[in-house]
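Tertiary structure, described
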Amino acid sequence: MAYTKEQNGVFPAVCPLDCPDQCGLLLQKKDGKIIKVAGDPDHPVTQGNICNKVRHMTDRIYDPKRLEYPLKRVGRKGEGKFERISWEEAIKAIKDRWTHLIDSEGPESILPYGFYGNMGRISAEGMDRRFFNRLGVSIQDQTICSAAGSKGYSYTMGGSFGTDPEETIDTKLFIFWGVNAVSTNMHQVALAQKARKNGAKIVVIDVHKNQTGRLADWFIPILPGTDGALALGIMHILYSENMIDDEFLKNYTVGYKELGNHVEKYDPNTVSSITGVPVEDIYKLARMYGQTSPSFIRIGNGLQHHDNGGMAVRTIACLPALTGQWVVRGGGAIKGNGAFLNHNVKALQRPELRQNKNARVINMNLIGQALLETNQPIRSMYVYNSNPAVVTPEGNKVRQGLVRDDLFLIVHDLFLTETAMYADIVLPATSSFENTDFYTSYWHHYMQIQQPVIAPYGESKSNPDVFRLFAKAFGFQEEAFKDTDEQLIRQSIDDVDNPYVKDINYELLIEKQYVKADRRINLLNNLPTPSGKIELYSEQMERDGYPGLPTYTPIVNDGDLPFLFIPAPNHNFLNSTFSNNEKHISLEKYPRLHLNSKDAEKRSIEDGDTVRVWNDRGECELIASVGENVLPGVVVSQGLWADLPGKKYFVNSLAPDRVADMGGGATFFSGRVDIEKI
Ligand SMILES: Nc1nc2c(c(=O)[nH]1)N[C@H]1C(S)=C(S)[C@@H](COP(=O)(O)OP(=O)(O)OC[C@H]3O[C@@H](n4cnc5c(=O)[nH]c(N)nc54)[C@H](O)[C@@H]3O)O[C@H]1N2
Ligand SMILES: Nc1nc2c(c(=O)[nH]1)N[C@H]1C(S)=C(S)[C@@H](COP(=O)(O)OP(=O)(O)OC[C@H]3O[C@@H](n4cnc5c(=O)[nH]c(N)nc54)[C@H](O)[C@@H]3O)O[C@H]1N2
Ligand code: SF4
Ligand SMILES: [Mo]
């Protein structure tokens with residue numbers, strides 16, 4: 001579809017970033033350029049409010065550093081010396097090298113590496129999947145974000161199904177649990193603030209009293225990786241003080257009697273010694289939860305980036321059932337809500353195009369190890385929608401892999417990212433405002449559409465267009481490679497086996513811009529767990545090798561260095577996106593290391609000192625922020641910073657690449673470090 005030729009006007013858009021809010025936007029265009037990005041006041045959930053990051057989006061779209069044409073490496077790997085080439089040359093070079101690799105070592109020597117730098121469904125998992133399936137390359141397991149927690153939540157609830165966020169305006173108790181919502185889900189905070197005007201209370205459970213903790217009525221600091229134990233302690237009190245909803249439990253759950261016996265051992269004293277939460281606070285929290293209705297828990301991604309993250313989420317997800325909150329308007333929980341908007345994945349990705357059904361699968365969290373593997377090595381990697389040199393754990397290993405001379409690396413991005421610095425070929429990508437796509441939020445219930453508002457920047461191309469070029473170069477004749485963007489969208493949504501979206505189709509999306517999933521359908525009658533009920537006890541888990549009842553297991557012993565290190569996201573970047581933008585850097589200033597004043601005193605570290613943070617995986621240098629915002633023994637940084645000249649901000653050089661208990665998830669926050677003043 002061509003972009004609108006109108007040079008002036010206001011055009012609807014969707015925020016493409018990997019953020020639950022998925023705001024409706026209005027782009028103001030003058031003389032063919034976007035001059036203002038604002039919120040769409042008519043969007044039912046986001047209501048015209050957007051974050052500061054995206055208010056400055058034009059700085060990114062028209063950043064002079066944006067890639068305009070394809071490049072070929074001329075210097076050493078990582079040196080950053082490139083030369084302009086044409087698209088024809090770029091596609092031919094890739095096709096020739098891949099053809100040679102497929103002939104000599106087989107297609108699985110090639111690995112795609114992509115994520116959700118652009119949440120557009122056809123940009124992130126459309127023509128790319130068709131092409132890579134047809135080529136028969138290795139399969140990337142997309143585990144870096146919420147794999148463990150989503151799996152854990154599914155054991156309890158059957159999939160990513162939770163409360164309708166719009167209904168939380170009626171909620172009386174909000175628990176923000178391991179989620180820095182002020183920075184990462186601002187419209188959930190807006191809803192909580194509205195509810196607060198009607199008497200709602202906000203509780204925040206976190207390892208760091210960040211801006212979300214500071215707005216709470218009650219902030220509960222907890223030791224990292226112990227949330228499962230706290231949830232079990234709450235259950236212990238709910239059962240022993242008879243605050244459970246027997247009627248609901250009988251009708252809608254499996255295993256509530258067994259769970260009651262099982263949680264006897266998680267008494268408040270035991271739980272307090274694990275979590276660092278005082279006994280009286282455990283009682284207070286459990287009673288508040290047991291006696292307030294509607295109550296709502298926003299389960300964050302932070303608490304599941306641990307060795308035991310899957311089970312922690314599985315456990316917390318049992319709480320709303322115990323007090324019968326799923327039948328109360330505004331009650332319940334959200335880990336993710338993506339399943340309400342599930343589209344037709346098979347029609348979009350066309351798995352039947354793949355002949356080698358048993359192709360190897362590589363967990364993206366282990367990309368460092370995988371790139372350094374010498375047995376059946378990865379010889380070529382194609383990176384898009386992601387910046388693995390910054391965002392993956394064991395970052396030094398990843399970079400050692402990327403710098404390999406025999407790795408043919410292609411990066412498709414809007415910028416010369418840290419990953420692109422190692423590339424052999426760099427391809428320029430369009431921004432989402434230059435593309436056609438559809439979007440499905442993983443928090444609110446609206447499907448949205450984007451039509452191109454501006455012309456492609458320079459010679460940049462969208463992800464689907466690049467894969468169409470590859471398919472053509474390889475001579476793939478299947479109709480699947482001739483589909484237009486509009487056809488890809490139609491195939492994804494017009495005929496879907498998902499009752500919540502059966503009335504949504506392409507025409508409706510074009511007409512309305514955003515369409516809501518049908519939430520009149522009763523979730524409790526449609527739970528896709530094996531029993532069709534909420535599974536407090538799960539037989540499936542036992543078959544998969546886990547305890548069938550929620551159980552606390554400590555995080556893995558990561559050595560004997562004194563601090564647990566939590567390298568969390570920050571307010572003004574989105575993962576590594578915007579970390580190369582001067583405006584966003586200036587808002588954030590520099591990366592801080594939050595530490596407790598007792599720990600600081602012992603090491604003679606003062607607020608503002610530069611501290612070296614290190615372990616046997618790597619090191620970085622951050623600016624100390626001393627106070628009471630973290631517990632002793634815990635240090636927290638924020639933000640995935642770019643490689644700025646003279647700075648050592650690479651926090652992921654320290655993060656472990658162990659995989660979590662479920663889903664092959666990441667364990668960014670379960671690593672240990674030591675610190676010293678420089
Ligand atoms: N501004 C901004 N917004 C973003 C992003 C961003 O980078 N910046 N990233 C986007 C993406 S991809 C995602 S997945 C989401 C993530 O957003 P969230 O769901 O908020 O998850 P995180 O920000 O990873 O971590 C949330 C909180 O978990 C805390 N935490 C860490 N370990 C523990 C623990 O063991 N227990 C408890 N209770 N808390 C713990 C951290 O201190 C942090 O405050 O945000 C999205 N939105
Ligand atoms: N220490 C630590 N590390 C983390 C996390 C953490 O909390 N702590 N969070 C993790 C999580 S939850 C996530 S989701 C990952 C995210 O990691 P990534 O998915 O790598 O996210 P970004 O760093 O935002 O990189 C996205 C890239 O996609 C590019 N891009 C945007 N649109 C397009 C497009 O249309 N086409 C192409 N080809 N490229 C495009 C952007 O320019 C950007 O360079 O990071 C993980 N890493
Ligand atoms: S990043 Fe999130 S809050 Fe900001 S505009 Fe995009 S969807 Fe909205
Ligand atoms: Mo994420």
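As the structure is a prediction and not an experimental result, all values here were calculated from the model.

Here is what the cut-offs are and how they apply
- Sequence positions are assigned chain by chain, starting from 1 and proceeding in written order.
- A letter from A marks each chain and a number from 1 marks each ligand, given out in the order of writing.
- At least 70 in pLDDT is required for a residue's local features to be given in this predicted model, at least 80 for side-chain atom pairs to be given and counted, and no such filter applies to totals for whole chains, interfaces and linings, which use all residues.
- The basis for every side-chain value is the complete set of heavy atoms in the structure, and neither hydrogens nor water enter the calculation.
- Comment: elements are numbered from the N terminus, with helices defined as DSSP H or I runs of at least four residues and strands as E runs of at least two.
- Radius of gyration means the value over C-alpha atoms here, while the globule rule gives 2.2 Å times the residue count to the 0.38 power.
- Residue burial is assigned from relative accessible area. The probe radius is 1.4 Å, only protein chains are included, and a residue is buried under 20% of its type maximum, exposed over 50%, and partly exposed in between.
- Any pair of residues with heavy atoms lying within 4.5 Å of one another is described as a contacting pair.
- Each accessible area value is a Shrake-Rupley result obtained with a 1.4 Å probe; residue values ignore everything except the protein chains displayed when judging cover.
- Positive: Lys, Arg. Negative: Asp, Glu. His and the chain ends are not part of the count.
- Charged side chains are reduced to one point each, which is NZ for Lys, CZ for Arg, CG for Asp and CD for Glu.
- For this description, a residue counts as near a given molecule or strand if any of its non-hydrogen atoms is within 4 Å of it.
- Polar contacts, as counted here, are pairs of nitrogen or oxygen atoms within 3.5 Å of one another; within protein the pair requires one atom able to donate a hydrogen and one able to accept it, and residues that are adjacent in sequence qualify only if both atoms are side-chain atoms.
- For this classification, Asp, Glu, Lys and Arg are treated as charged, while Ala, Val, Leu, Ile, Met, Phe, Trp, Tyr, Cys and Pro are nonpolar and the rest, including Gly, are polar.
- An automatic or database domain assignment supplies the start and end points of every domain.
- Salt bridges are defined by distance alone: a side-chain nitrogen of Lys or Arg within 4 Å of a carboxyl oxygen of Asp or Glu.
- Only strands that DSSP links by at least two bridges are regarded as paired with each other.
- In this analysis an axis means a line fitted to C-alpha atoms, helices contributing only their contacting stretch, and an angle means the value between N-to-C directions, from 0 to 180 degrees.
- Here the buried area means the combined drop in accessible surface, using a 1.4 Å probe, for two parts upon being joined, counting both sides.
- Aromatic rings from Phe, Tyr and Trp, with only the six-membered ring used for Trp, were paired whenever their centres fell within 6.5 Å, and each pair was classed as stacked if the ring planes differed by under 30 degrees, edge-to-face if by over 60, and tilted otherwise.
- A ring is scored as having a charge over it whenever the NZ atom of a lysine or the CZ atom of an arginine sits within 6 Å of its centre and within 35 degrees of its normal.
- UniProt positions are given in the numbering used here, feature names are shortened, and annotations may be inferred rather than shown by experiment.
- Within this analysis, the arc is defined by the directions that extend from the helix axis to the C-beta atoms.

Secondary structure summary: the protein chain contains 26 helices and 27 strands in total. Since a compact globule built from 678 residues should have a radius of gyration of about 26 Å, the 25 Å found for the protein chain is in line with a globular shape. Per-residue burial over the protein chain gives 60% buried out of 678 residues. A sequence separation of at least 24 residues applies to 76% of the contacts in the protein chain between residues at least 6 apart. For the protein chain, the computed accessible surface area is about 25,100 Å², with 48% contributed by carbon and sulfur atoms. Taken together, the 74 basic and 83 acidic charged side chains of the protein chain have centroids lying 2 Å from each other.

With that settled, the discussion passes to the site of ligand 1. As a matter of local geometry, ligand 1 sits amid 31 residues, with T184, D206, G225, D227 and F573 nearest to it. At 2.8 Å from an oxygen atom of ligand 1 is found a side-chain nitrogen or oxygen belonging to N210. Here ligand 1 loses 96% of its free accessible area of 900 Å² to cover by the protein chains. Counting residues per element, the ones that place at least two in the shell around ligand 1 are α7 (181-184) and β9 (201-206). Per-class residue counts for the shell around ligand 1 are 13 nonpolar, 14 polar and 4 charged. Looking at which domains feed residues into the shell around ligand 1, each of domain 3 (163-335 + 523-543) and domain 4 (563-677) gives three or more.

A few words now on the site of ligand 2. D413, N463, S576, T577 and N652 are the nearest of the 31 residues found near ligand 2. One nitrogen or oxygen atom from the side chain of N385 is found 3.2 Å from a nitrogen atom belonging to ligand 2. A distance of 2.8 Å separates an oxygen atom of ligand 2 from a polar atom in the side chain of S386. Here ligand 2 has 930 Å² of accessible area as a free molecule, and 95% of this is covered by the chains. Taken domain by domain, the makeup of the shell around ligand 2 includes at least three residues from each of domain 2 (71-144 + 344-502) and domain 4 (563-677).

Attention shifts here to the side chain of D40. With respect to the helices, strands and loops of the structure, D40 is situated in the loop between β3 (33-39) and α1 (52-55). It is K36 that comes nearest to the buried, bridge-free D40 among opposite-charge side chains, at 12 Å. A distance of 2.9 Å separates the side chain of D40 from the backbone nitrogen of D42, its partner in a polar contact. For D40, the residues in contact, after removing those within four places along its chain, are G24, L25, L26, Q47, G48 and Y514.

Before going further, it helps to examine the sheet that holds strand β2 (residues 24-30). The strands making up a sheet are joined through hydrogen bonds of the backbone, oriented either antiparallel or parallel. In spatial order, the strands read β1-β2-β3; together these 3 strands make up an open sheet with antiparallel pairing. Two strands lie at the open edges of the sheet, namely β1 (9-14) and β3, each paired on one side alone. On average, each strand axis in the sheet is inclined to that of its neighbour by 30°, with strand direction left out of account. Relative to β2, β1 is paired through 6 bridges, and the arrangement is antiparallel. Bridge pairing in β2 places V10 opposite Q28.

To continue, consider the domain arrangement of the protein chain. For the protein chain, the assigned domains read domain 1 (9-61), domain 2 (71-144 + 344-502), domain 3 (163-335 + 523-543) and domain 4 (563-677). Relative to domain 4, the C-alpha centre of domain 1 lies at a distance of 30 Å. In this assembly, 9 residues from domain 1 lie in contact with 11 residues from domain 4. Where domain 1 abuts domain 4, roughly 880 Å² becomes buried across the two surfaces, and 65% of that area is made up of carbon and sulfur atoms. In terms of surface lost to domain 4, no three residues of domain 1 exceed K53, H56 and R60, which account for 58% of the buried area on that side. On inspection of domain 1 and its partner domain 4, the count reaches 0 salt bridges. Of all the secondary structure elements, the ones that give two or more residues to the side of domain 1 that touches domain 4 are α1 and α2 (57-61). Element by element, the count of residues in the side of domain 1 that touches domain 4 is highest for α2, at 3 residues. Looking at the side of domain 1 that touches domain 4, its residues break down into 3 nonpolar, 2 polar and 4 charged.

Let us now look at the pattern of salt bridges. Across all of its chains, the model carries 45 salt bridges by this definition. A salt bridge links E125 to R121; the nearest nitrogen and oxygen atoms lie 3.1 Å apart. Pair noted here: E125 and R121 are both in helix α4 (residues 121-125), with a separation of 4 residues, about one helical turn. A residue is classified by how much of its surface remains accessible, and E125, at 5% relative accessible area, is buried. For R121, a relative accessible area of 14% puts it in the buried group. One salt bridge in this structure joins K482 and E479, with 3.9 Å as the shortest N-O distance.

Let us look at the sheet that holds strand β20 (residues 514-516). Here we have 3 strands laid out as an open sheet, ordered β18-β19-β20, and antiparallel in their pairing. With one partner strand each, in any of the chains shown, β18 (437-440) and β20 form the two edges of the open sheet. Across this sheet, the average inter-strand angle for adjacent strands is 20°, counted without regard to direction. Pairing of strand β19 (residues 446-450) with β20, which is carried by 3 bridges, proceeds in the antiparallel orientation.

This part is about the packing of aromatic side chains. Where two aromatic rings form a pair, the distance of their centres and the angle of their planes describe that pair. Summed over the entire model, instances satisfying the criterion amount to 29 aromatic pairs. Plain terms: the ring middles of F248 and Y252 are 4.9 Å apart, the flat faces sit at 40° to each other, and that makes the pair tilted. Taken together, the positions of F248 and Y252, both in helix α11 (residues 246-252) and 4 residues apart, correspond to about one turn of that helix. For F248, a relative accessible area of 4% corresponds to the buried category. The ring of F578 has R60 lying over it, and the distance from NZ or CZ to the ring centre is 5.7 Å. When the ring centre of W87 is taken as reference, the NZ or CZ atom of K461 above it lies at 5.3 Å.

Another aspect to go through is the UniProt feature "domain: 4Fe-4S Mo/W bis-MGD-type" (unreviewed entry) in the protein chain. Those places that UniProt annotates as "domain: 4Fe-4S Mo/W bis-MGD-type" (unreviewed entry) correspond, in this numbering, to residues 8-65. Annotated as residues 8-65, this span is 16% helix and 34% strand, and its ends, taken at the C-alpha atoms, are 25 Å apart.

Below, the discussion takes up helix α20 (residues 395-402). Along α20, the residues classified as buried are G395, V398, R399, G401 and L402. Angular distribution of buried residues about the axis of α20 spans 155°; they occupy a single face of the element.

With that out of the way, let us pick up helix α13 (residues 268-275). All of the buried residues along α13 are P268, V271, S272 and T275. The arc that holds every buried residue of α13, seen down its axis, measures 105°, which confines them to one face. Summarising the geometry of α13, the exposed residues directed more than 90 degrees from the buried face are N269 and S273. Here the buried face of α13 lies against α10 (227-240) and α14 (279-291).

A separate point is the pairing of strand β22 (residues 563-568). Counting buried positions along β22 yields 6 of 6 residues, so the element is predominantly enclosed. Of the pairings in the sheet, the one linking β22 to strand β27 (residues 671-677) comprises 3 bridges and is antiparallel in character. Counted as the bridge partner of F565 is G671 from β27. Relative to strand β26 (residues 634-638), β22 is paired through 5 bridges, and the arrangement is parallel. Bridged to P567 within β26 is S637.

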